[in-house]
Amino acid sequence: YHKHYVKYNRLLVFCFVWVFTVGIFTIISYILLSSTFSFIYIVCPIVASVAVSCGFIRANGYPIAGNFPSQIIQPFFLFICIIVLNKSGYLSMQNLQIAYVSSFSLAAFTAISLVFKLQPASFTRTKAIHVEYKTWTIALIPFGIMSAIWTLNAHSATLILEKYSTLEQIAVFRVSERIA
């Protein structure tokens, strides 16, 4: 475990670069394919960064802390936002989207903070060695495809509902699904 700390640091950096590169590509694709921009387009890289961070936290031997951002922080903050929006009379599709993105952003910030706080101290005090980026890139492609398929599967109900419902109904369904 201790002898692989340099590879761990390089893998951590490479995963975040991969997530944000794919995220930027996703945002550009959405913008080119649709005529309007929505806050939902920026959710993909944020959710991916939460997933990567939580995976690293769990890999460091902290399974409860690894689930905390995505299973506690995000749903709780989203629930509080919905209550506040509902009580204040500002419950709308756009405000629900902002609340959804904000809750994932808070989860991402928490997860990334936990990654750096919970990693062993020796991981931050080491000189870099050679890392095989080509091997990691080839290995990440199938995982990226699997992640994309999982995301599509997780959001397929929303995509189907989009064809038959109004945007407000879709927003309420998505938020309700996430809280459940």
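Bear in mind that the values here come from a model prediction, so they are computed numbers and not experimental data. (Residues numbered from 1 in each chain as written. Predicted model: local features only at pLDDT ≥ 70, side-chain atom pairs only at ≥ 80, totals over all residues. Heavy atoms only, no water.)

## A word on the overall build of the protein chain
Part 1: Summing up its helical and strand segments, the protein chain has 7 helices and 0 strands in all.
Part 2: In the protein chain, the succession of helices and strands from N to C terminus is α-α-α-α-α-α-α.
Part 3: When the 180 residues of the protein chain are sorted by exposure, 33% land in the buried category.
Part 4: Taking the contacts inside the protein chain whose residues are at least 6 apart along the sequence as the reference set, 75% of them involve residues at least 24 apart.
Part 5: Total accessible area on the protein chain stands at roughly 11,600 Å², and carbon and sulfur atoms take up 71% of it. (Helix = DSSP H or I, 4+ residues; strand = E, 2+ residues; numbered from the N terminus. Buried < 20%, exposed > 50% of the residue type's maximum accessible area, 1.4 Å probe, protein only. Contact = heavy atoms within 4.5 Å. Areas by Shrake-Rupley, 256 points an atom, 1.4 Å probe, with all protein chains shown as cover.)

## Observations concerning the packing of aromatic side chains
Part 1: Counted according to the given criterion, the structure contains 1 aromatic pair.
Part 2: Where Tyr 100 meets Phe 104, the ring centres are 5.2 Å apart and the plane angle is 75 degrees; that geometry is what we call edge-to-face. You can see Tyr 100 and its partner Phe 104 sitting in helix H4 (residues 93–118), 4 residues apart, about one turn around the helix. Neither residue differs from the other here; Tyr 100 and Phe 104 are each classed as buried. (Phe/Tyr/Trp six-rings, centres within 6.5 Å; stacked < 30°, edge-to-face > 60°.)

## Focus on the confidence of the model for the protein chain
Detailed reading of the predicted coordinates is not advisable wherever pLDDT is low.
Part 1: Residues of the protein chain with pLDDT of at least 70 account for 68%, and the chain-wide mean is 76.
Part 2: Looking at the elements of the protein chain, mean pLDDT is at its lowest for helix H6 (residues 156–164), recorded as 65, and at its highest for helix H3 (residues 63–88), recorded as 90. (pLDDT = per-residue confidence, 0-100.)

## A closer look at the side chain of Ser 103
Part 1: Relative to the assigned elements, Ser 103 resides in helix H4.
Part 2: Of the residues examined, Ser 103 reaches a relative accessible area of 0% and is grouped as buried.

## Digging into H3
An α-helical turn contains 3.6 residues, so a residue and the one three or four places further along point in the same direction.
Part 1: Relative to the 38 Å expected for 26 residues at 1.5 Å per residue, H3 spans 37 Å between its end C-alpha atoms, a close match to the ideal helical length.
Part 2: At Pro 69, H3 is bent by approximately 35 degrees, the largest bend along its length.
Part 3: For H3, every residue scored as buried is listed here: Ala 65, Gly 66, Pro 69, Ser 70, Ile 73, Gln 74, Pro 75, Leu 78, Cys 81, Ile 82 and Leu 85.
Part 4: Within two residues after H3, Gly 89 carries a phi angle of roughly 85 degrees, on the positive side. (Expected span 1.5 Å × (residues − 1). Bend = angle between axes of the 7 residues up to and from the residue.)

## Looking at the environment of Phe 16
Part 1: Turning to its location among the elements, Phe 16 is positioned in helix H1 (residues 5–33).
Part 2: Given the relative accessible area of 12%, Phe 16 is considered buried.
Part 3: Each C-alpha atom, one on Phe 16 and one on Pro 45, is 9.5 Å from the other, the two residues being 29 residues apart in sequence.
Part 4: Setting aside chain neighbours within four positions, we find Phe 16 in contact with Ser 49, Val 52, Ser 53 and Ile 112.

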